[in-house]
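# Observations on the model geometry
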Amino acid sequence: MWLIVLWSVFMIVFMFIGGFFMFRKFLKRLPKEDGNSILDWQDYYLEKTRHLWTREQSDLLEELVSPVPELFRDIAREKIAGKIGELALDEHAKQMNEDLIIRGYILATPKRDHKFLRKKLDEKEMDYSQYEQLFD
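Residues numbered from 1 in each chain as written. Predicted model: local features only at pLDDT ≥ 70, side-chain atom pairs only at ≥ 80, totals over all residues. Heavy atoms only, no water.

- Taking an unreviewed UniProt entry as the reference, the chain is identified by name as DUF2621 family protein belonging to Salicibibacter cibi.

Below you can see the structure in the form of structure tokens.
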């Protein structure tokens, strides 16, 4: 009897967790005032700036998102690349560069994840002092 109760509680908890993440994805797909959703704009920026990325910049982005758990890495990469694309289009960039990638990463991620970026930039011996105001 206890096994059935524990198994039921276990299943209910995991269904709630899965439902929470599905609901968040649903909310991101809802259209905003302009008629496009958050994910529509992300896809738009990715498509418009795809030609600006070189292999080196793609590798840098991949290395910066490496601390993200593998299960969520694809989603994080797309979100960050979308923000980087938005910055590139706003600034009329001719090519992606390190500055755009780091600023886009900072702006696209929550503050609690900035420590991982700092650690990764320290490992690569990159100076990020010019971005301190974005970390706050």
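## Here we look at a positive patch on the surface
- A cluster of like positive charges, contributed by Arg24, Lys79, Arg112 and Lys115, occupies part of the molecular surface.
- With respect to the helices, strands and loops of the structure, arginine 112 is situated in the loop between helix H5 (98-108) and helix H6 (114-123). (Patch = residues over 30% accessible without salt bridge, like charges linked within 9 Å, V, L, I, M, F, W, Y side chains within 5 Å. Areas by Shrake-Rupley, 256 points an atom, 1.4 Å probe, with all protein chains shown as cover. Salt bridge = Lys/Arg side-chain N within 4 Å of Asp/Glu carboxyl O. Lys, Arg positive; Asp, Glu negative; His and termini not counted. Charge placed at Lys NZ, Arg CZ, Asp CG, Glu CD. Helix = DSSP H or I, 4+ residues; strand = E, 2+ residues; numbered from the N terminus.)

## Details of the pattern of salt bridges
- The tally for this structure, following the rule as stated, stands at 12 salt bridges.
- The salt bridge involving arginine 29 is made with aspartate 40; its shortest N-O contact spans 3.0 Å. Taken together, the residues span a long stretch of sequence, with arginine 29 in helix H1 (residues 2-29) and aspartate 40 in helix H2 (residues 38-49) at a distance of 11 residues.
- For arginine 29, a relative accessible area of 42% gives the class partly exposed.
- Across the pair arginine 29 and aspartate 43 runs a salt bridge whose closest N-O atoms are separated by 4.0 Å. In this pair, arginine 29 sits in helix H1 while aspartate 43 sits in helix H2, placing the two residues 14 residues apart along the sequence.
- Salt bridges sharing partners connect three or more residues here, namely Arg29, Asp40 and Asp43. (Buried < 20%, exposed > 50% of the residue type's maximum accessible area, 1.4 Å probe, protein only.)

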